[in-house]
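Chain by chain, the residues run as shown.
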Amino acid sequence: WEFNGSFYQPPAFLMMGIPGLEALHHWISIPFCALYLIALLGNCMILFIIKKTQSLHEPMYYFLSMLAVTDLGLVLCTLPTTLGIFWFNMRRIGFDACLTQMYFIHILSFIESSVLLAMAFDRFIAISHPLRHPSILTKTTVIKIGLAIILRSTVSLLPIPFLLKRLTYCRKTELSHSFCFHPDIMNLACADIKVNVFYGMIILLTTVGMDFIFIVLSYILIIKTVISLATKEECLKALNTCVSHICAVLVFFIPMIGLSMIHRFGKNVPPLVNTLVAYTYLIIPPALNPIIYSIKSSHIREALLRALWRKSE
């Protein structure tokens, strides 16, 4: 397409399914439906159990509830467009609708990163200062942390849609995914995108990047505390309370970092790899987190078994 220099904003974008496998979209939708169903049911189950079980009304599980709500939001953001492409080949999404979806996907991703940091802080206090834990992380403090997380994400990302709306776009309107992603939309522009690139990088580094650094620092301090414990059994017991959180951190951050690197530096990466990393980033964590916490947390597992036992009676 040739661009004549005048301002152009497309009325809609065209989303992409899995490149090269369009003929198999109906079959590919089966595992996606299974993952979405697991994510929806699993996170709703976590919220239901925590609400109904009085013994789980403590900071660790309040943060887990925030994580479950965030995962539900991510699932609901991407489910309509992803399954719309796989089932009905509905590739078109309006320009403003695309920016709205992109905004909420990024907000929820940043919130999830911050919640994982809050959970790391909770584990550090619980292991390093167990006697002061109830007085430090009160219910009011947890609520304030939750509000601060939401405020930080919404405010820091608020300029992104406006920075995209000011750009002039080429006639090419095909996105790389079945959802809207800031670097993907930005790369379709024919204008200078240095401001978008710079702002996006700064926000990513000062939010998600800092969250990851502080999570690592928290675990360094946790390990130092655990090493100082008297017996091996106490060490293992303390570390066992962190296993599920470590798994959730790895499941979230590894694909997120991979997708960011691909969009910024991987211009020669095959489209299929780009697509698979994107789906791994947005679908796998919401589906795996409830499973991880149900398996590793004895309190949630016992509460779930009690709920199932009552229903079977």
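Residues numbered from 1 in each chain as written. Predicted model: local features only at pLDDT ≥ 70, side-chain atom pairs only at ≥ 80, totals over all residues. Heavy atoms only, no water.

*Asks:* I keep staring at the nonpolar core and nothing clicks. Help me out?
*Replies:* Soluble globular proteins tend to pack their nonpolar side chains together in the buried interior. Among the nonpolar cores identified, the biggest contains 87 residues, and Phe13, Leu64, Leu116, Leu164, Tyr169 and Ile185 are the most heavily contacted of them. In terms of residues, this core owes the most to one element, helix H3 (residues 95–128), which gives 19 residues. Apart from the residues lying within four places of it in its own chain, the contact partners of leucine 64 are Ile46, Ile50, Met119, Tyr293 and Ile300. (Core = buried A, V, L, I, M, F, W, Y, C linked by side-chain atoms within 4.5 Å. Buried < 20%, exposed > 50% of the residue type's maximum accessible area, 1.4 Å probe, protein only. Helix = DSSP H or I, 4+ residues; strand = E, 2+ residues; numbered from the N terminus. Contact = heavy atoms within 4.5 Å.)

*Asks:* What is the right way to look at the state of the cysteines in this model?
*Replies:* A disulfide bridge is the covalent bond that connects two cysteines by way of their sulfur atoms. Taken as a whole, this structure holds two disulfides when the rule is applied. A disulfide bridge connects cysteine 98 with cysteine 180, and the sulfur atoms are separated by 1.9 Å. As the torsion about the S-S bond is roughly -120°, the cysteine 98-cysteine 180 disulfide counts as left-handed. Of this pair, cysteine 98 sits in helix H3 while cysteine 180 sits in the loop between helix H6 (159–165) and helix H7 (182–186); the two residues are 82 residues apart in sequence, bridging distant segments of the chain. Ordinal numbering of bonded cysteines along the protein defines a disulfide pattern of 1-3, 2-4. Summary of cysteine pairing: cysteine 33 is not part of a disulfide, and the nearest cysteine sulfur, belonging to cysteine 44, is at 17 Å. (Disulfide = S-S within 2.5 Å.)

*Asks:* Please explain helix H1 (residues 25–52) as it appears in this structure.
*Replies:* The α-helix advances 3.6 residues per turn, and as a result positions three or four apart in sequence lie on the same side. The end-to-end C-alpha distance of H1 is 40 Å, a good match for the 40 Å that 28 residues give at a rise of 1.5 Å each. Roughly 25° is the biggest bend found in H1, and it falls at proline 31. (Expected span 1.5 Å × (residues − 1). Bend = angle between axes of the 7 residues up to and from the residue.)

*Asks:* Just checking my understanding: could you explain the pattern of salt bridges for this structure?
*Replies:* Here the idea is simple: oppositely charged side chains can pair when their charged atoms come close. Within this structure, the stated rule accounts for four salt bridges. For glutamate 174, the salt bridge goes to arginine 91, with nearest N and O atoms at 2.5 Å. Taken as a pair, glutamate 174 in the loop between H6 and H7 and arginine 91 in the loop between helix H2 (59–88) and strand E2 (92–94) lie far apart in primary sequence, 83 residues in all. Take glutamate 174: its relative accessible area is 31%, and that puts it in the partly exposed class. Between arginine 123 and aspartate 122 there is a salt bridge, with its nearest N and O atoms 3.0 Å apart. Exposure remark for arginine 123: the relative accessible area of 9% places this residue in the buried category. (Salt bridge = Lys/Arg side-chain N within 4 Å of Asp/Glu carboxyl O.)

*Asks:* Is there a simple way to explain the side chain of asparagine 274 in this structure?
*Replies:* For asparagine 274, the location among the structural elements is in helix H11 (residues 271–296). If we skip the residues at most four places from it in the chain, asparagine 274 touches Ser176, His177, Leu259, Ile262, His263 and Val269.

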